[in-house]
Amino acid sequence: MSIQRVMVIGAGQMGSGIAQVCAMSGYDVTLHDLKEEFVEKGLNGIKKQLQRQVDKERITETDMDRFLRQVQASTELSNAKDADIIIEAAVENMDIKKQLFVQLDQFAPDHAILATNTSSLPITEIAAVTKRPEQVIGMHFMNPVPVMKLVEIIRGLATTDETFNTVKEMAESLKKTAVEVNDFPGFVSNRILMPMINEAIYTVFEGVASPEDVDEVMKLGMNHPMGPLTLADFIGLDTCLSIMETLHEGFGDDKYRPCPLLRKYVKAGWLGKKAGRGFYNYS
């Protein structure tokens, strides 16, 4: 199947980033969210990202204008009727994703692939609420999408080879490296990354070292470009907690138990960079 028209559900940081790379690769893109102001914010974010590319002389003003014309705004899910693939990048909540996929299954044409950008939730469970589970797949982009080269492509139990190959080819057309992953909690990236972040939080919780010193150890000792606690703040501590809970529930193993300090920060509203406060103060 040839993909020409892409619909992205969710105009936040991930969704707008996905919309941007799709537009820059020549796809016709519909960027959807619940309210016009959410979509406008996403479109403005894309414009700012492209303007930076112009300022660095990586693209021209003409290129930027062309890419922006490729993206149409949407607040009606019925616009899914024109899509060849729909990439859902909504909040990391299973109930919300299931509700969306039930609706998208009704509006999308029969040939359309339904993809989810979930970072940890089961693809098979999401696919089961549709009448096309063989055309449902995980397409986990890394943040920030325009910069990071990896896409985890996750097969559900019923996902066909045709669906997988079509999505892999699309990911590669976005100049991404596509990695095939089976449907286990956290997939590969977050199954490895989040327990490391959680353990870093435990070292602070237990008084082993300060956040600054934990991050220095990992940067200078392990050659990580960013310390795990800085990274946690960047990802969002609420997202980190959600993924750890998914791992803990999915595997039933206490090695995935979220650190009490992580829960405490989330309850306090200290969600990281987006909230102005996490393990570091951004105000």
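Counting starts from 1 at the beginning of each chain's written sequence and moves along it residue by residue. Only residues with pLDDT of at least 70 are given local features in this predicted model, and only at 80 or more are side-chain atom pairs given and counted; all residues enter the totals for whole chains, interfaces and linings. To obtain the side-chain values, all non-hydrogen atoms of the structure were used and water was disregarded.

A. Inspection of the overall build of the protein at higher detail. Each helix and strand counted, the protein has 11 helices and eight strands in total. As defined in this context, the radius of gyration uses C-alpha atoms, and a globule is described by 2.2 Å times the residue total to the power 0.38. The C-alpha radius of gyration of the protein comes to 19 Å, within 12% of the 19 Å expected for a compact globule of 283 residues. With the principal axes as the frame, the protein shows a C-alpha extent of 55 × 45 × 35 Å. Relative accessible area decides the class of each residue, using a 1.4 Å probe on protein chains only: under 20% of the type maximum gives buried, over 50% gives exposed, and in between gives partly exposed. For the protein, buried positions account for 49% of its 283 residues. Helix and strand definitions here come from DSSP, where helices need a minimum of 4 consecutive H or I residues and strands a minimum of 2 consecutive E residues; each element is numbered from the N-terminal end.

B. Examining unusual backbone geometry more closely. A cis amide bond, omega 0 degrees, links Asn 143 with the succeeding residue Pro 144. In this structure, Pro 144 sits in the loop between strand E6 (136-141) and strand E7 (150-155). The phi angle at Asn 223 is positive, at roughly 65 degrees, despite the residue not being glycine. Examined against the element boundaries, Asn 223 turns out to sit in the loop between helix H8 (211-222) and helix H9 (228-235).

C. Structural detail: the UniProt feature "binding site: NAD(+)" (unreviewed entry) in the protein. UniProt's feature table lists "binding site: NAD(+)" (unreviewed entry) at Gly 10, Ala 11, Gly 12, Gln 13, Met 14, Gly 15, Asp 33, Glu 92, Lys 97, Ser 119, Asn 143 and Lys 274, given in the numbering used throughout. Within the secondary structure, Gly 12 sits in the loop between strand E1 (5-9) and helix H1 (13-24). We classify Gly 12 as partly exposed; its relative accessible area is 39%. With sequence-adjacent residues up to four places away left out, Gly 12 is seen in contact with Gly 17 and Asp 33. With respect to the helices and strands, Gln 13 occurs in helix H1. UniProt positions are given in the numbering used here, feature names are shortened, and annotations may be inferred rather than shown by experiment. Residue contacts follow a heavy-atom distance rule, with two residues in contact if any of their heavy atoms lie within 4.5 Å.

D. Looking closely at the nonpolar core. Side-chain atoms within 4.5 Å link the members of a nonpolar core, which is a set of buried Ala, Val, Leu, Ile, Met, Phe, Trp, Tyr and Cys residues. One finds Val 6, Ile 85, Ile 87, Met 139, Phe 141 and Met 170 to be the most contacted residues of the largest nonpolar core, which totals 39 residues. No other element matches H1, which puts six residues into this core. Here Phe 141 is in contact with Met 14, Ile 18, Ile 87, Asn 117, Leu 150, Val 151 and Leu 174, once residues within four sequence places are set aside.

E. Here's a closer look at the UniProt feature "domain: 3-hydroxyacyl-CoA dehydrogenase NAD binding" (unreviewed entry) in the protein. The feature "domain: 3-hydroxyacyl-CoA dehydrogenase NAD binding" (unreviewed entry), as annotated in UniProt, sits at residues 6-183 in this numbering. Between the end C-alpha atoms of residues 6-183 the distance is 24 Å, and the span holds 41% helix and 22% strand.

F. Examining the domain arrangement of the protein more closely. In this document the domain limits rely on a domain assignment from an automatic tool or a database. Along its sequence, the protein is carved into domain 1 (5-182) and domain 2 (191-274). The gap between the C-alpha centroids of domain 1 and domain 2 is 27 Å. Listed as interface residues are seven residues of domain 1 and, on the opposing side, four residues of domain 2. A quick way to say it: buried area is the sum, across both parts, of accessible area lost when two parts are put together, with a 1.4 Å probe. Interface area for domain 1 against domain 2, summed over the two sides, is near 420 Å², with a carbon-plus-sulfur share of 60%. Salt bridge, as used here: a side-chain nitrogen of Lys or Arg that lies within 4 Å of a carboxyl oxygen of Asp or Glu. Put simply, domain 1 and domain 2 have zero salt bridges between them. The definition of a polar contact used here is a pair of N or O atoms within 3.5 Å, where within protein one atom must be able to donate a hydrogen and the other to accept one, and adjacent residues in sequence count solely through side-chain atom pairs. Seen at the junction of domain 1 and domain 2, the total is zero residue pairs in polar contact (both at pLDDT 80 or more). Residues that form the side of domain 1 that touches domain 2 fall into these classes: two nonpolar, four polar and one charged. Under the grouping applied here, Gly and all other residues not named as nonpolar or charged are polar, the nonpolar ones being Ala, Val, Leu, Ile, Met, Phe, Trp, Tyr, Cys and Pro and the charged ones Asp, Glu, Lys and Arg.

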